[in-house]
Amino acid sequence: NSCPTILSKSQWGGRAPTCRTAMATPVTYVIIHHTAGASCTTQSTCITQVRNVQNLHMNTNGWCDIGYSFLVGEDGNVYEGRGWTSVGAHAPNYNSNSIGINVIGTFTSRNPNTAAQNAVKALISCGVSRGYIKSTYILKGHRNVTATECPGNTFYNT
């Protein structure tokens, strides 16, 4: 399985984490999120959004890194968050046994575009083929594991 384009933290200008907890793989769950903010369709605007999310998580929430394993833009690129092997901060009670994939934008009344949906599918396939995600993984929306509207009604239904 080929993997999608994954921009490393250094490629999008991300800050280094101030702490890290190793995660045992392969994980059982893949949890889908949305930022519930502005969408992006170019690499430069997506990089801005990913940096904004990291600043919110580290500066405002006081977390040691961006909470998600990966973020996906409607430019079709994947942006590294905590990556495949670090425990995330995206879904209480599931962080240590899941990959958290956040699609940048608000998907309450529309779906992410085809480029973003295909990148999410390719990322999950990549994780399975590389042994980070179990082949029998369970896909969940954020709302399945905590009280939230995330990842938006339209995207959740998809």
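Residues numbered from 1 in each chain as written. Predicted model: local features only at pLDDT ≥ 70, side-chain atom pairs only at ≥ 80, totals over all residues. Heavy atoms only, no water.

1. As for the sheet that holds strand E4 (residues 78–80)
So, step 1. Across the sheet, six strands lie side by side as E1-E4-E3-E5-E2-E6; this open sheet has mixed pairing. Edge positions in the sheet fall to strand E1 (6–7) and strand E6 (133–141), since each of these pairs with one other strand and no more.
So, step 2. In this fold helix H3 (residues 114–129) packs onto E1, strand E2 (27–34), strand E3 (70–72), E4, strand E5 (98–103) and E6, with an angle of close to 145° to the strand it touches most, E6. (Pairing = 2+ DSSP bridges. Helix = DSSP H or I, 4+ residues; strand = E, 2+ residues; numbered from the N terminus. Contact = heavy atoms within 4.5 Å. Axes fitted to C-alpha atoms, helices over the stretch in contact; angles between N-to-C directions.)

2. Some thoughts on the UniProt feature "domain: Peptidoglycan recognition protein family" (unreviewed entry) in the protein chain
So, step 1. The positions that UniProt labels "domain: Peptidoglycan recognition protein family" (unreviewed entry) are, in the present scheme, residues 4–146.
So, step 2. Secondary structure content for residues 4–146 is 27% helix and 22% strand, while the C-alpha to C-alpha distance between its ends is 29 Å. (UniProt positions renumbered as here; feature names shortened; annotations may be inferred.)

3. Details of the pattern of salt bridges
So, step 1. Counted by the stated rule, this structure contains two salt bridges.
So, step 2. For Asp65, the salt bridge is made with Lys9, and the minimal N-O distance between the two is 2.5 Å. Taken as a pair, Asp65 in the loop between helix H2 (43–60) and E3 and Lys9 in helix H1 (residues 9–12) lie far apart in primary sequence, 56 residues in all. As far as the burial class goes, Asp65 and Lys9 line up, both buried.
So, step 3. Two residues, Glu74 and Arg110, come together in a salt bridge whose shortest N-O distance is 2.8 Å. In this pair, Glu74 sits in the loop between E3 and E4 while Arg110 sits in the loop between E5 and H3, placing the two residues 36 residues apart along the sequence.
So, step 4. With relative accessibility at 33%, the residue Arg110 sits in the partly exposed group. (Salt bridge = Lys/Arg side-chain N within 4 Å of Asp/Glu carboxyl O. Buried < 20%, exposed > 50% of the residue type's maximum accessible area, 1.4 Å probe, protein only.)

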